[in-house]
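Here are the chains, one letter per residue:
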Amino acid sequence: MKLNHLNGGQQLAVKYYTVAIILFVAQIIFGLLSGMQYLVPDLLLGVLDFNVTRTIHINAMIVWMLYGFMGSVYWLLEEESKTEIVGLKLGNIGFWLLTTAVTIVVLVFLLIQSGPGDDFTRWFINEGREYIEAPRWADIGIVICMLIFFYNAAATFMKGTWSGISGVLVLDLVALAGIYIAGMFYTPNISIDQYWWWWVIHLWVEATWEVLVGCLMAWGLMKTLKVDRKIVTTWLYIEVALMFGSGILGLGHHYFWIGTPEYWLTIGGFFSALEPIPLVAMVVHAVYDAGARQMKGNNNPALAWLIAHAFGNFFGAGVWGFMHTLPQINLYTHGTQWSASHGHLAFFGAYATIIIAMIYIAVPYIRGQEGIGSNLPDGGWKWKWSLGLLNLGVVGMTIALLISGYEQSFIERAVGGSTWYGYFAAQIHPWFVQGMEWRMIFGLVTAVGLVLLIWDLLTIGKQKQA
Amino acid sequence: MLEPVELKDFFIVFFSGAMVIMAGALYSLLFAWSKLQSKPWLMVLAYLAYGILFIAVLTLGSAAHLHGYWWWLVIAMLVGYLLAPHGIWKLCVATHLIQKPTQTDDLPHSKKLQSKL
Amino acid sequence: MNNEMPWWASETFWKKTAIWVTAFMFVVLVILTLDTIPQITAGSERVPAYAVINKHIGYEFNDERNMQVPVIGGDAPLFGKKLSEEDAEALVSHGKKITQGRNCMGCHTLLGNGSYFAPDLTKAWLDPGWSSEPEREALMIAFLMNPEENARSFGSGRVMPNLHISEEEAKAVIAFLKWMSSIDTNGFPYNFTVIDKES
């Protein structure tokens, strides 16, 4: 594929997007395996145990989303700064460094899997902490790549022009890299371990990632709907104030049961109740914007995925989050399939959707076209069906897991008191098992949707040129 | 002090928790829509949605034992959800004022909106 | 018609607000962290010193706090051997490193965090599944060393894979689990039945 007509940042973006999609495929494959192991417990037992498949499932997700974010930022970098990217070569080195590191980590997870209880294991095989299982050498590599990325963004804006959006973006990248370091140390104390571990997980996912997405949304709205820059920037600031205002101390809802003092129950409860406020702001503002200007998009798939993002974020983060966030009920739902249900919808709704939208914004330019018209020769069935199947699949899995989690909070947590017996009594209950069966079915629907999505990304707009 | 939810109230807590957010969104949606289209009857529906929210919050409050200082959470939700759409709407109108007069001609609602501030 | 933008809707106002709100919330988080860390450092009231593995550990309902809390009892040295605080820390630390190296969190939850494919380990030391207190240590060692043959999956068909844990490693893991069960987790897990306390 010839990319000479793209600017330097965009050429980098295409690379990041490509790896993002490959890792998305890995996420789904290993997700299907993990889901299947619930139904057929001896599947790959001793070969690829659940802890291996599940680790790759969640790590592939985190990393493909990071690739998607980095690609999106590189895509808009030169346009936003009105100058050429400062370190194109460095950006390329960073890309290959990160991709090599990710490949080695995945191979080690697959082939070596675990090690003895010493420092070598943590440095070179597996750190064994959910989401940040990557061994320490890879952590350092990730931070170096994030710094290269940060330098490229900051220096390019410095050379060109700054804007409100780029200011928020660069500060957010500092926080993103800085917070990751909070997870890079060893302590025998599990309470202190998990205290800092949540800084990485929560402050990434519920604070800095959200703001990063806010920046992408702001830029996307200017691009697709020609919204005035000053308005978009003001609203980005409003969203930052609301998100960080509620999200930073919202961290408290992870400090209910890990040994931390009782006042976290109150802080976590109150700030969790505030977390839906940015979502309410988005609803009101979206209606205002829809009325105040004509919706004239030249990229229907991107627009559709942006709408999916709005709904997914609202239901996944808002509704599914608030249902079990108060400590009075979280006592029973913490660490059950409730978390899995919430996680599936929230990660997909808040992040996967917007990255797919950003990729669709890029696709026509990669082919040297202006946009994606509504008069596609095949009627655009591929993007419509992939949109439908991916959303149906994830929503289906979410509801299936919700039913399993609901049963689990009853039988295991409330009645069984979380003993091993209580745990397994819940796992063999028909509600639970059927929930897992339906999750598997909708997982396959998601996989079909992903295949269609890739087919569409590779072919959309091609027929016109022929 | 924490008083955990009783087993029989699980469903009530999950359902009313979901309804708080859903009704909150419906209220803000109808509120904004009514303002935008200048349709007062939609505002009636908006406050009906808020009524559902009100009931949902109180139900959640009693099922999740939000007594003592937790009662402030109930008050905060009731007042916060009531006022948030008002405030955000005012912000929407005010932030869009910067558009140049030439631009407002092709934006059907902005004149109406400006006159309403 | 009023075309003047009010101050509270201007870009600069919200820029400053965003910065101040973020900075303020972060400072509050730092202050809370400074207050919390000493309270969860090993040797505090909520998170006991590692030498607690020399003691009997229970988990009983406390009326005043309206939740179950860990109760540290009399001497009950793990594997019959009383350890100094340093030796206890070394043993617990080795145990935790093993749980990380074998990626236990890939199936289990610890303090409720991790994966949901296998039981929560927060109070695994106190689980009634270990028959009785006198038999517990031997059963746990046997299970960890050969989980497939000592499976306790209660009809689910789910088996813990053999992670090639040696006897010495198993003892370290058990020390870590025993220490973890002494952490005050604000009543999580709820309604837990402690070993030898079944009615």
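Conventions adopted
- Residues numbered from 1 in each chain as written.
- Chains lettered and ligands numbered in written order.
- Predicted model: local features only at pLDDT ≥ 70, side-chain atom pairs only at ≥ 80, totals over all residues.
- Helix = DSSP H or I, 4+ residues; strand = E, 2+ residues; numbered from the N terminus.
- Rg over C-alpha atoms; globule rule 2.2 N^0.38 Å.
- Contact = placed C-beta atoms within 7 Å.
- Axes fitted to C-alpha atoms, helices over the stretch in contact; angles between N-to-C directions.
- Parallel < 35°, antiparallel > 145°, perpendicular 65-115°, else oblique.
- Left-handed = near helix turned anticlockwise from the far one by under 90°.
- Nonpolar A, V, L, I, M, F, W, Y, C, P; charged D, E, K, R; others polar.
- Buried ≥ 20, exposed ≤ 12 C-beta atoms within 10 Å, placed from the backbone.
- Pairing = 2+ DSSP bridges.
- Domains from an automatic or database assignment.

### Topic: the overall build of chain C
Part 1 of the reasoning: Check the secondary structure of chain C and you find four helices and four strands.
Part 2 of the reasoning: Reading the helices (α) and strands (β) of chain C from amino to carboxyl end gives α-β-β-α-β-β-α-α.
Part 3 of the reasoning: Taken against the 2.2 N^0.38 rule, which gives 16 Å for 199 residues, the C-alpha radius of gyration of chain C at 23 Å runs more than 25% over that of a compact globule.
Part 4 of the reasoning: C-alpha extents for chain C along the principal axes are approximately 85 × 40 × 35 Å.

### Re the overall build of chain A
Part 1 of the reasoning: Broken down by element type, chain A carries 17 helices and zero strands.
Part 2 of the reasoning: On C-alpha atoms alone, chain A measures out to a radius of gyration of 22 Å, which is about the 23 Å that the 2.2 N^0.38 rule sets for 466 residues.
Part 3 of the reasoning: Referenced to the eigenvectors of the C-alpha coordinate spread, the extents of chain A come out at roughly 60 × 45 × 45 Å.
Part 4 of the reasoning: A sequence separation of at least 24 residues applies to 78% of the contacts in chain A between residues at least 6 apart.

### Side note on the packing of helix H6 (residues 164–181) of chain A against helix H7 (residues 190–225) of chain A
Residue and element names in this part refer to chain A.
Part 1 of the reasoning: Between H6 and H7, the least distance of the axes is 10 Å, while the angle of their chain directions is 160 degrees. Accordingly, the angle class assigned to the pair H6 and H7 is roughly antiparallel. The way H6 lies across H7 gives a crossing that is left-handed. Residue-level inspection shows Ile165, Val168, Leu169, Asp172, Ala175, Leu176, Ile179 and Tyr180 of H6 in contact with H7, the latter providing Trp199, Val200, Leu203, Trp204, Thr208, Val211, Leu212, Cys215, Ala218 and Trp219.
Part 2 of the reasoning: When grouped by side-chain class, the residues that make up the contact of H6 with H7 number 16 nonpolar, one polar and one charged.

### Quick notes on the interface of chain A and chain C
Part 1 of the reasoning: At the junction of the two partners, chain A supplies 70 residues and chain C supplies 74 residues.
Part 2 of the reasoning: When residues of the side of chain A that touches chain C are traced back to their parent elements, those giving at least two are helix H2 (50–81), helix H4 (119–124), H7, helix H8 (229–250), helix H12 (327–333), helix H13 (337–366), helix H14 (381–415) and helix H15 (420–427) of chain A.
Part 3 of the reasoning: In terms of residue count, H8 of chain A provides more of the side of chain A that touches chain C than any other element does, eleven residues in total.
Part 4 of the reasoning: A class-by-class count of the residues in the side of chain A that touches chain C yields 33 nonpolar, 26 polar and eleven charged.

### Some details on the environment of Ser166 of chain A
Residues and elements named next belong to chain A.
Part 1 of the reasoning: Positionally, Ser166 belongs in helix H6.
Part 2 of the reasoning: A tally of 23 C-beta atoms within 10 Å means that Ser166 is categorised as buried.
Part 3 of the reasoning: Along the sequence, Ser166 and Ala153 sit 13 residues apart, while their C-alpha atoms lie 8.5 Å from each other.
Part 4 of the reasoning: Residue contacts for Ser166: discarding those within four places in its chain leaves Glu80, Ser81 and Phe157.

### With respect to the pairing of strand S1 (residues 55–62) of chain C
Residues and elements named next belong to chain C.
Part 1 of the reasoning: Across seven bridges, the pairing between S1 and strand S2 (residues 67–75) is antiparallel. Paired with Phe61 across the two strands is Gln68, which belongs to S2.
Part 2 of the reasoning: What sits between the antiparallel neighbours S1 and S2 is a turn of four residues, in which Asn66 has the positive phi angle 55 degrees.

### Here's the deal with the interface of chain B and chain A
Part 1 of the reasoning: Taken together, the contacts link 38 residues of chain B with 35 residues of chain A.
Part 2 of the reasoning: When residues of the side of chain B that touches chain A are traced back to their parent elements, those giving at least two are helix H1 (10–37) and helix H3 (71–95) of chain B.
Part 3 of the reasoning: For the side of chain B that touches chain A, the element with the highest residue contribution is H1 of chain B, accounting for 15 residues.
Part 4 of the reasoning: Residue composition of the side of chain B that touches chain A, by class: 28 nonpolar, nine polar and one charged.

### Re the packing of helix H11 (residues 300–323) of chain A against H14 of chain A
Packed helix pairs are characterised by how far apart their axes lie and by the angle those axes make with each other.
Residues and elements named next belong to chain A.
Part 1 of the reasoning: The geometry of H11 relative to H14 is characterised by a closest axis approach of 11 Å and an angle of 15 degrees between their N-to-C directions. Accordingly, the angle class assigned to the pair H11 and H14 is roughly parallel. Of the two possible hands of crossing, H11 and H14 adopt the one that is right-handed. Contacts between H11 and H14 involve Pro301, Ala304, Trp305 and Ala308 on the former and, on the latter, Trp383, Leu387 and Asn391.

### Quick look at the domain arrangement of chain A
Residue and element names in this part refer to chain A.
Part 1 of the reasoning: Looking at chain A, the domain boundaries give domain 1 (1–162), domain 2 (188–296) and domain 3 (304–461).
Part 2 of the reasoning: Each of domain 2 and domain 3 has a C-alpha centre, and the two are 20 Å apart.
Part 3 of the reasoning: Between domain 2 and domain 3, the residue contacts involve 18 residues of the former and 18 residues of the latter.
Part 4 of the reasoning: Those elements that place two or more of their residues in the side of domain 2 that touches domain 3 are H7, helix H9 (263–274) and helix H10 (277–292).
Part 5 of the reasoning: Tallying contributions element by element places H7 first for the side of domain 2 that touches domain 3, with six residues.
Part 6 of the reasoning: Across the side of domain 2 that touches domain 3, the residue classes tally to eleven nonpolar, five polar and two charged.

### Comments concerning the domain arrangement of chain C
Interfaces are often sized by the accessible area lost when the parts come together.
Part 1 of the reasoning: By domain assignment, chain C separates into domain 1 (10–40) and domain 2 (50–180).
Part 2 of the reasoning: A straight line from the C-alpha centre of domain 1 of chain C to that of domain 2 of chain C covers 38 Å.

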